[in-house]
Every structure is written in C-alpha cells, then in structure tokens.
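# An overview of the molecular structure
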Amino acid sequence: MAEYEEMAAIESRHVLEALIARHNARMLAMAEIPPEAIKPVMSALLTIGYMDFAFRELGVNVKRPPSSYGGNWIDHLAWGTDSVYAAARLLFCGQFLGAATILRSQFERWAENAAYNTGVVHKQGESAASYAGRAWAKCHANYPFARRSIRPVDSISDVAARHSWDEEVEQHSPDGPSVTIGRDYTVYPVQLMESMSNFLHGHGPWVDLVHWEAGQLLSAQAPSSLAEASETLSDVITLILRQIRLCLAALAEEQGMNDLPLKILSSSLERQNGGEEPPRPHSLFPLLPTSGLQEGTVAGLEDAAKAHSEVMRGKRPAGRLYRDDEFAHLHFYERRARAAKWALTAFDMEKEGKGELDFKNLDGRNFRYIVASEMAGSISIWLNGTPAGDAAASCSSALRTAYWLWLEDDDRALASLRIVLEQCARMRVWTEKPEKAEKLQSSSATTPKDWVKAAGWNRLSALTRALGEFSHSHANVRLDGAREILEKIQREGLDAEDSIHLARGHALDALTILLLGESINTAKKLSPSIGNAFMEIVDDVLMDKGALAKNREDLFNRTLAQKDAPRGDYSFHGPASALRQDRQMKNS
C-alpha cells in the first residue's frame, strides 16, 4: 500500500499503469500454472473417450456454439460436454471461481437427470446437496450397468419449494452416499456440491484460491488448497461426463445402434494419468481481436479442429495414433475453435447490421473491466486475511470471468455477475457497517439476500432475482422472465429490437459501475490518497466521476420499477412434460 501511496502522490496515472501491469503479469503467469492444478483436470478430460464420435453418429450439430444449450436432446447433451471444457479452460487460467460457477450448474442439471431416471424424488425442505447426493449414488451404484429407463411422469413434484440462490446458506452436511470412480476411488456428491456452493458464496477453505488469482497474480507459491480444489472439481467433471455417457448410450439403444452403447460406456479412462501439460496459452485468452482472436491463434485452433474431425472419421492426421494427453488437447482445441468461429461470426453480423465494426468501443469496455477488476484485486491484497478482502478478491475474479464469458455470448456470465453483486454488497457492509457485518458473518443462517439488504441495496431486488436464475440449471429456473427483467432495467431510448440482445452487456456494465464505486469507497477508508487516485482514474479514462454516482442511482431506480416483475414459466421441461404437451396438442 505504501508503494501505491507513493505513486498516487506523484500522479494518478502511475497507479493506473500499476493496475494494467498487474493484468499483464497475470496473463503471462497463466502459462506457468502449477502441475497440481493441471493433472487432475487433464485426467478428468480423458474420460470423454468415445463420446465425440458417438455425438456425430447420433446426429449432433457439429457447428453448434459451445455456449448454447441446444434445441434438441443430442445437442443438449453436447452442451453439457462443451460446458465441462468451458470450465476446464477457466481452471487452466486459474479462475477457479468461474469454473465452479459452471460446474455447480452442470452438476445440478445432470443430478436431476440421474434422479429422473432412477425415481429419486426431491423431498420437501431437502437441501440441494442432499438431493443431488442421493440421485448420483443411486444412478451410479452399478455403473456402467446403470438403469436408463424413461419414467412415465415427472419425478420433480415440488420444484418451487427449493431455495433460490439468495436464500442459500453455508452448508456442512454429513458425507452422505458415495460413488466409486475408477476401480476404488470414492467421492461423495453431497460434499462435492457443498464445496462448490460454499466457494461461490465466499465461504470455505478454497477462498485463498481467489486471492491467489486476483491478488497474487497466480504466483509460483500456490495456496495449499490448490490440489484439493483441483481434485474436487475434476471429480465433478468426471461425474458429469459419466451421466452424459449414460444418456448417449440410452439414445443409441433407442435408435437401434446396438454396438454403440458398449463402446460409449466402455471407453472410460477414469483416474488415468492425463499428463500435466496444459493447452497452449493463446487458446485460453479472451476472444478479443487483439488477443484470442488474432489470426495466427484462430488458424492454429482451426487446424486442430480439422485434425479432430479427421480422427472422428477414423483417419490419422498426424500419421500415427495420438497419445492420451494429445487426445485431451485435441478435444479442447476443437471447442475453442468453435467458440472463436462464433465470435467472428458475431462480428460479421454486427458489421452487416451497422456497416462497420466498432472495435474501439470494445477496447474501451475491455479497459474498463480490467481497471475495475484490478482495483478490487489490489484491495484484496491490502485487506488480506479479512472477510472484506475475501469479498474484494471474489469480485475481481468473478468480474474477469463474467467478461470473458460475455465475449462468447455465454449466459454463465450472468451467474458470475451474481457473485459480483453479492460480494460487492458484502464488501460495502464491512466497510460501512462493520458491526452489522460481524453479526452476518458469524451467523450460519445468513443468506446472500441479507448482505444485499444490509448494503442498502433493496432497490436491486429485481436484479438479484434475475441474475440468480442464471446461476442454476435445475428444473425451476425461469430464464425467459429473468432475461426480460434484465432487458427492462436498461436505460431508456434503446431500440426495442436491439434491447434484448444488449441486456447481458448492460448487466455487465451495471455491475462494473457498482464495483468501481465500492472499490473507491473502500480504498478511501484504507488510504485517502489511493482512494482519490482511483477516483481520478475513473474520471480521467473511464467516465466522469459525477456520472459514476448518477449511473448507479439511475440503475437503482430503473431496477426498483421492476420489483414486482414476474419471472414467467419454468424454462426446462422433462420428457414426460413434453409428452403431455404433445398429447394435448393432438387432442386439441
């Protein structure tokens, strides 16, 4: 802090230069992620085995966007697999919080699939972790000979009774039922679920990982929890891919491909050594024209995608068989190639609609998000070892992930923004009302909603509900209504046809403004000179300092107007619901 105060005393631009240098140092350090973070993930990715071949045999759309959850069953299954790779990419970047956001959502989604096919019904008042644990254990008790029948009715009868994100509390349940991975490796789905959920709310032993990424810039001296978190999240990946394999095998059976199910289910390489070589750093970068979308990077990804396609046709593009670790990389690059292709397609569509591409505007937004993230990251260093420091680190990491996912039109960006909102409120309460914060922190009944309320942000209730819908992938999410709320809280004067497409970006900008304001406020309490330097940086290169407060107040008022907005119908329906709808249409 003393060094920043010296720079602030000279000129605020030196503080800005330090913030940018922090960002650059982290990007360079991504290439040196410790092996204990890489090896478990590579091992888990190996379990994809025969799945990509099976997807193609069963008619998947090979050009699908990786972030799209698909319009039919086979594409939806492929989305689950693509999501695992999206999480792995964030793990390779040290963004464990973002990876857990994706994996917790996928763990919920495929736990419900397991429950549906084994008759496990969610009990009134049961925790999400307990429900998931029972579903995973029953479905995988005899893997790979698991039951794959389709039940005639929906198994989830009380979905509305389950808690939403803002009512979640820290969980410490017994281990619960177990699942065996590989020959004799035991995992406990209840604990997997609770570890992720607690982490996402700033609790538990993994919090030092966000300090490592946000504050310590992925330094060589990794935290002690790195190995445990990597193993745990890799176990989650393994279970998700398992469940999708069961679904693929069932689909192959239904379509009369009698030899395919055995290949799918016998292709597992669980707990095998996938090596410790991560994908090439350029394949991990955000999809910006000056970064992950550079011509050479895209060309390299396209070459790997072509090799992947050749292998799926039984060819040997390398003139030999690939090693296991090379296969894991090949599957990864194919997905990054599709992500890059769709990003470039989006730029082409924008050019067609507007007549030109405004990369200058995109560069400006990129700069704003970097500055906001690094301000919070710096604060996390100065407050290290405190709950406020944990909140600042979480804000920094989650905003970075949100921006990277937003560049790929991925709704999980909104789930990361949910973390920014909760942790930003938490940082504000610790700064402004430390006694109140102490009471909330010490209570096991405290929910995210309590932090937002204590921060004095009740007017944001509609925004908190909307972002919360995108934090989960279970049967009672209501994405259409949530998206409509995000559309309506945008500033007035937007073209109605464009507003729905801009809602996700507006949410990103809104939470960035909120974080900038709280970072300045917290910094001023720690050091008036640094706080003033932060304010000058915002005023000089981001927005007028008066506009910062005005934009926040306008956001609060626009959001308040939607406080009673309905979230609409549930977005996802099981096969039984679809069957009933078909019958109703025929009868009518």
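Residues numbered from 1 in each chain as written. Predicted model: local features only at pLDDT ≥ 70, side-chain atom pairs only at ≥ 80, totals over all residues. Heavy atoms only, no water.

The next thing to look at is the overall build of the chain. Helix and strand content of the chain: 24 helices and 2 strands. If you line up the chain on its principal axes, its C-alpha atoms span 75 × 55 × 50 Å. By the burial criterion, 57% of the 588 residues in the chain qualify as buried. Taken as a whole, the chain presents about 24,500 Å² of accessible surface, with 50% of it coming from carbon and sulfur. (Helix = DSSP H or I, 4+ residues; strand = E, 2+ residues; numbered from the N terminus. Buried < 20%, exposed > 50% of the residue type's maximum accessible area, 1.4 Å probe, protein only. Areas by Shrake-Rupley, 256 points an atom, 1.4 Å probe, with all protein chains shown as cover.)

In this section: the packing of aromatic side chains. Counting across every chain of the model gives 15 aromatic pairs. Ring geometry for Tyr85 against Phe332: centres 6.5 Å apart, planes inclined by 45 degrees, an arrangement best described as tilted. Of this pair, Tyr85 sits in helix H5 (residues 73–92) while Phe332 sits in helix H13 (residues 324–354); the two residues are 247 residues apart in sequence, bridging distant segments of the chain. For the pair Tyr85 and Phe332, a shared accessibility class is recorded, and that class is buried. Plain terms: the ring middles of Tyr369 and Trp406 are 6.5 Å apart, the flat faces sit at 75 degrees to each other, and that makes the pair edge-to-face. With a gap of 37 residues between them, Tyr369 in helix H14 (residues 359–382) and Trp406 in helix H15 (residues 387–406) connect regions that are remote in the sequence. Three or more aromatic residues joined by ring pairs make a cluster, and in this case those are Tyr85, Phe92, Phe332 and Tyr333. Between Arg271 and the ring centre of Tyr185, over which it is positioned, the NZ or CZ distance is 3.5 Å. When the ring centre of Tyr333 is taken as origin, the NZ or CZ atom of Arg280, which lies over that ring, is 4.4 Å away. (Phe/Tyr/Trp six-rings, centres within 6.5 Å; stacked < 30°, edge-to-face > 60°. Lys NZ or Arg CZ within 6 Å of the ring centre and 35° of its normal.)

By the definition in use, this model includes 40 salt bridges. Across the salt bridge formed by Arg13 and Glu17, the nearest N and O atoms sit 3.0 Å from each other. In this pair, Arg13 and Glu17 both sit in helix H2 (residues 12–29), 4 residues apart, roughly one turn of the helix. Take Arg13: its relative accessible area is 40%, and that puts it in the partly exposed class. Here Asp82 and Arg335 are joined by a salt bridge, their closest N and O atoms 2.8 Å apart. Here Asp82, found in helix H5, pairs with Arg335, found in helix H13; they are 253 residues apart in sequence, far enough to count as distant. There is no split in this pair, since Asp82 and Arg335 are both buried. A single salt-bridge network, built from bridges that share partners, covers Asp52, Arg64, Asp82, Glu334, Arg335 and Arg338. (Salt bridge = Lys/Arg side-chain N within 4 Å of Asp/Glu carboxyl O.)

With that settled, consider the confidence of the model for the chain. Per-residue pLDDT for the chain averages 90, and the proportion of residues at 70 or more is 91%. Across residues 149–161, where pLDDT falls below 50, the model places 32 contacts with residues more than four positions away in sequence or in other chains. Across residues 578–588 the pLDDT falls below 50, and counting only partners more than four positions away or on other chains, this stretch makes 2 contacts in the model. (pLDDT = per-residue confidence, 0-100. Contact = heavy atoms within 4.5 Å.)

A word on the packing of helix H1 (residues 2–10) against H2. As a packed pair, H1 and H2 sit with axes 5 Å apart at the nearest point and diverge in direction by 135 degrees. Compared by their axis directions, H1 and H2 come out oblique. Residues Tyr4, Met7, Ala8 and Ile10 of H1 lie in contact with H2, whose contacting residues are Ser12, His14, Val15, Ala18, Leu19 and Arg22. (Axes fitted to C-alpha atoms, helices over the stretch in contact; angles between N-to-C directions. Parallel < 35°, antiparallel > 145°, perpendicular 65-115°, else oblique.)

With 16 residues, helix H23 (residues 545–560) should reach 22 Å at 1.5 Å per residue; the first-to-last C-alpha distance of 23 Å fits that figure. Residues of H23 that are buried include every one of Leu548, Leu555, Phe556 and Thr559, and no others. The buried side chains of H23 occupy one side of the element, clustering within an arc of 95 degrees when seen end-on. Structurally, the start of H23 carries an N-cap: the backbone nitrogen of Gly546 is 2.8 Å from a side-chain oxygen of Asp544. (Expected span 1.5 Å × (residues − 1). Arc of directions from axis to C-beta. Polar contact = N/O pair within 3.5 Å; in protein donor to acceptor, adjacent residues only side chain to side chain.)

Moving on, we get to the nonpolar core. The biggest cluster of nonpolar side chains holds 176 residues, and the ones touching the most others in it are Phe96, Phe107, Leu417, Trp457, Leu486 and Phe534. Top element by residues in this core is helix H10 (residues 226–254). It accounts for 13 residues. Excluding its chain neighbours within four sequence positions, the residues that come into contact with Phe96 are Ala37, Leu91, Phe199, Leu209, Trp212, Leu226, Ala229, Ser230 and Leu233. Core analysis: the next-biggest nonpolar cluster, separate from the first, contains 10 residues, Ala114, Ala135, Tyr143 and Leu246 among them. (Core = buried A, V, L, I, M, F, W, Y, C linked by side-chain atoms within 4.5 Å.)

Look at helix H12 (residues 295–312): 26 Å from first C-alpha to last across 18 residues, which is about the 26 Å you get at 1.5 Å a residue. All of the buried residues along H12 are Thr297, Val298, Leu301, Ala304, Ala305, Ala307, His308, Ser309, Val311 and Met312. A positive backbone phi angle near 85 degrees is found at Gly314, which sits one or two residues after H12.

Bringing the packing of helix H16 (residues 412–432) against helix H17 (residues 434–442) into the picture now. Running from N to C, H16 and H17 cross one another at 130 degrees; their axes reach a closest spacing of 5 Å. With respect to H17, the element H16 is oriented oblique. Only Pro434, Lys436, Ala437, Glu438 and Gln441 of H17 make contact with H16, whose side of the interface consists of Arg426, Val429, Trp430, Thr431 and Glu432. Of the residues belonging to the contact of H16 with H17, the class tally is 4 nonpolar, 2 polar and 4 charged. (Nonpolar A, V, L, I, M, F, W, Y, C, P; charged D, E, K, R; others polar.)

Its place among the elements puts Ala523 in helix H21 (residues 496–526). The spacing of Ala523 and Ala533 is 10 residues in sequence and 9.4 Å in space, taken between C-alpha atoms. Contact partners of Ala523, with chain neighbours within four places excluded, come to Ile379, Pro528, Ile530, Gly531 and Phe534.

All right, on to a positive patch on the surface then. Together, Lys433, Lys436, Lys439 and Lys453 line one region of the surface with positive charge. With respect to the helices and strands, Lys433 occurs in the loop between H16 and H17. (Patch = residues over 30% accessible without salt bridge, like charges linked within 9 Å, V, L, I, M, F, W, Y side chains within 5 Å. Lys, Arg positive; Asp, Glu negative; His and termini not counted. Charge placed at Lys NZ, Arg CZ, Asp CG, Glu CD.)

To continue, consider unusual backbone geometry. Cis geometry marks the peptide bond from Tyr143 to Pro144; its omega dihedral reads 10 degrees. Residues other than glycine seldom take positive phi values, yet Arg271 does so here, at roughly 65 degrees. Here Arg271 lies in the loop between helix H11 (260–265) and H12. Positive phi is not limited to glycine here, since Asp409 has a value of about 55 degrees. Here Asp409 is to be found in the loop between H15 and H16. You can call Asp409 partly exposed: its relative accessible area is 43%.

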